[in-house]
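A look at the structure
Each chain is listed here by its residues.
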Amino acid sequence: MDAATLPALTIHEARSLLDSRQVSSVDLTKAVLERIAQIEDRVKAFVTVTEDLAVEQAERADARIAKGDAAPLTGIPMQLKDNMATRGVATTCSSKMLENFVPPYDATVTQRLYDQSAVLVGKGNLDEFAMGSSTENSAFFPTRNPWDPERVPGGSSGGPAAAVAASECFYSLGSDTGGSIRQPASLCGVVGLKPTYGLVSRYGLVAFASSLDQIGPITKDVTDCALVMNAIAGHDPKDSTSLNIEAPDYTNALGRDLEGLRIGVPTEYFVKGMEPGVEDATRESIEILSQLGAEVVEMSLPHTSYALAVYYILAPSECSANLARYDGVKYGFSDREADTMWDALERTRGRGFGPEVKRRIMLGTYALSAGYYDAFYLKAQRVRTIIRREFENAFEGLDAIVSATSPTVAFELGAKTADPVQMYLSDVLTLPANIAGIPGMSVPAGMSDGLPVGLQVLGKALGEETIFRIAHALEQATEWHKMRASV
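One structure accompanies this document, and this report is about it. (Residues numbered from 1 in each chain as written. Predicted model: local features only at pLDDT ≥ 70, side-chain atom pairs only at ≥ 80, totals over all residues. Heavy atoms only, no water.)

Now for helix α2 (residues 25–43). Ala 37 marks the point of greatest bend in α2, at about 40°. Taken as a whole, α2 has its buried residues at Ser 25, Val 26, Leu 28, Thr 29, Ala 31, Val 32, Leu 33, Arg 35, Ile 36, Ile 39, Glu 40 and Val 43. Where α2 is buried, its residues contact α1 (11–19), β1 (46–49), α3 (51–66), β2 (77–81), β3 (119–124) and α5 (158–165). In the segment just after α2, Lys 44 is the residue with positive phi, at about 60°. (Bend = angle between axes of the 7 residues up to and from the residue. Helix = DSSP H or I, 4+ residues; strand = E, 2+ residues; numbered from the N terminus. Buried < 20%, exposed > 50% of the residue type's maximum accessible area, 1.4 Å probe, protein only. Contact = heavy atoms within 4.5 Å.)

On to the pairing of strand β7 (residues 262–266), then. For β7, the buried fraction is high: four of the five residues fall into the buried class. Alignment of β7 against strand β8 (residues 295–299), held across five bridges, turns out to be parallel. In the sheet register, Ile 263 faces β8, and the bridge partner there is Val 296. Since β7 and β8 lie parallel, the crossover through helix α8 (residues 276–291) that links them has a hand, and here it is right-handed. (Pairing = 2+ DSSP bridges. Right-handed = clockwise from strand over helix to strand, strands pointing away.)

We now examine the packing of α2 against α3. Interhelical geometry of α2 versus α3 gives an angle of 160° and a closest axis separation of 8 Å. Our classification of the angle between α2 and α3 gives roughly antiparallel. Crossing of α2 against α3: the hand is right-handed. Touching Ser 25, Val 26, Thr 29 and Leu 33 of α2 are Glu 51, Ala 54, Val 55, Ala 58, Glu 59, Ala 61 and Asp 62, all from α3. In terms of residue class, the contact of α2 with α3 is built from six nonpolar, two polar and three charged. (Axes fitted to C-alpha atoms, helices over the stretch in contact; angles between N-to-C directions. Parallel < 35°, antiparallel > 145°, perpendicular 65-115°, else oblique. Left-handed = near helix turned anticlockwise from the far one by under 90°. Nonpolar A, V, L, I, M, F, W, Y, C, P; charged D, E, K, R; others polar.)

Let us look at the environment of Ser 95. Turning to its location among the elements, Ser 95 is positioned in the loop between β2 and α4 (108–115). Placed 38 residues apart in sequence, Ser 95 and Ser 133 show a C-alpha to C-alpha distance of 16 Å. Beyond its immediate stretch of four places on either side in the chain, Ser 95 contacts Glu 128, Phe 129, Ala 139, Phe 140 and Gly 352. Within the local environment of Ser 95, its side chain forms a polar contact with the backbone nitrogen of Met 97, the two atoms lying 3.1 Å apart. (Polar contact = N/O pair within 3.5 Å; in protein donor to acceptor, adjacent residues only side chain to side chain.)

The next subject is the pairing of strand β11 (residues 451–458). Judged by how many residues are buried, β11 sits mostly within the fold: eight of eight residues are covered. The pairing of strand β9 (residues 400–404) with β11 spans four bridges and is classified as antiparallel. By the bridge assignment for β11, Ser 403 is matched with Gln 456. Pairing geometry for strand β10 (residues 440–448) and β11, over eight bridges, is antiparallel. Along β11, the bridge assignment pairs Ser 448 with Leu 451.

Mapped onto the fold, Arg 35 is located in helix α2. Among buried Asp, Glu, Lys and Arg side chains, Arg 35 stands out as unpaired, with Glu 168 the closest opposite charge at 6.6 Å. At 3.5 Å, the side chain of Arg 35 and the backbone oxygen of Val 487 are in polar contact. Setting aside its immediate chain neighbours within four residues, Arg 35 contacts Pro 7, Ala 166, Ser 167, Glu 168 and Val 487. (Lys, Arg positive; Asp, Glu negative; His and termini not counted. Salt bridge = Lys/Arg side-chain N within 4 Å of Asp/Glu carboxyl O.)

With 87 residues, the main nonpolar core has Leu 113, Tyr 171 and Phe 468 as its most contacted residues. Grouped together as the second largest cluster of nonpolar side chains are 56 residues, Phe 208, Phe 333, Val 409 and Val 453 included. (Core = buried A, V, L, I, M, F, W, Y, C linked by side-chain atoms within 4.5 Å.)

Among the structural elements, Glu 396 can be located in the loop between α12 (373–394) and β9. Separated by 35 residues in the primary sequence, Glu 396 and Leu 431 place their C-alpha atoms 21 Å from one another.

This paragraph deals with a nonpolar patch on the surface. The grouping of Tyr 366, Tyr 372 and Phe 376 at the surface amounts to a nonpolar patch, some 270 Å² of accessible area in total. Its location among the elements puts Tyr 372 in the loop between α11 (355–368) and α12. (Patch = residues over 30% accessible without salt bridge, like charges linked within 9 Å, V, L, I, M, F, W, Y side chains within 5 Å. Areas by Shrake-Rupley, 256 points an atom, 1.4 Å probe, with all protein chains shown as cover.)

Strand order in this open sheet of 11 strands is β1-β3-β2-β4-β6-β5-β10-β11-β9-β7-β8, and the pairing throughout is mixed. Edge positions in the sheet fall to β1 and β8, since each has one partner strand and no second. Going from strand to strand, the sheet's axes swing by 30° on average, the running direction of each strand aside. Pairing geometry for β7 and β9, over two bridges, is parallel. Note that in β9 the partner of Ile 263 across the bridge is Ala 400. Against the sheet, α3 touches β1 and β3, its axis set at about 155° to β3.

As structure tokens, then:
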């Protein structure tokens, strides 16, 4: 097979070639590294490319394959968002604060992929400390959308989504605090899953908002997503929020029809300002689900309209606490030019953090301060409970809920950087799932003005199998997942 075509394969297609010895992991890895060398200056999806490590891991993977001991991800080149710990490889969070930080340990998800002999080709760019919706907040450079390099890839997992869409890796892992896997997956025309909170270990994920953060796969199709989830899901005693359950084999949910499923369409999710092309593609996909046998019902989730306000109290509050550890003393960037300890602390954070991170720290510190805690943080927690119960009540009569993933297609670089509220509204449809802790997937569902549109499928807590069933059925009934960015 022509080496130039290898990077465009899916995981399961590459697995078949590896197992039949038509290609080696070294072949795949070198083809991906060549692809990165050819287009990375136009996409900017990577903070770090680990070329030597990747070839070394690929050689070990080939030895494992030769023994007949291959796992589903053995020998498959992948990327990790650069907020997941990788021993011996810089983990920067795309921030000056951690620009030279090299962890002495691996995140649990990193180790679980290594256990299958996966091949790491690099670390993906992100909005600094995962705070943003466009990957323009990276301290290093903005990532560009492979479908149109003048547009954003979404965020904060913009590097991972762009890398997968541009075939610079077979899959990547992102983190999703308010839509940071699903929104860039939608804007880049790939599949992205935010699992149920606690289903995938957060050990080794650099914390943004600990009650909201969750790691999940970004892949080229739904089958690949199931294969990656099989590798990373499950209990981890190192993570106190990890659910003590045994994850199922998600590939068993694929290939099933939708007969007997009830799918809700919330009227509130066709929000003001949604682009007409996005709405049309969403409604067409919903009609396809109906034709495939699902019962589609219009319904209401009135309190999820408060999710945006709740999120921008809770997430900055948790960020304010989590980022207090960056003081210039223990690790990370440190300003050495100050005269006093307090001056050094102020200068370290002033120079080490970017504008959006500072904005959220200040928002969170204010919400937690004396005199405002009850009015903001405590009230937001109460509304969070209402939103969670609203979803629970809805899922008593529904198997899933669907909507657009993003109200717009990818917007132009710089279009929203001057107006933080407009940028925050990019996640208005994805935030509620994080508030409630439920799973959600974005799956390619059409095109608008030549740019991808994603359909979001939400399920009840631990309802990933139903989400996979619906997303795979839609995927197989359409051609959208076969389209590739032309960068």
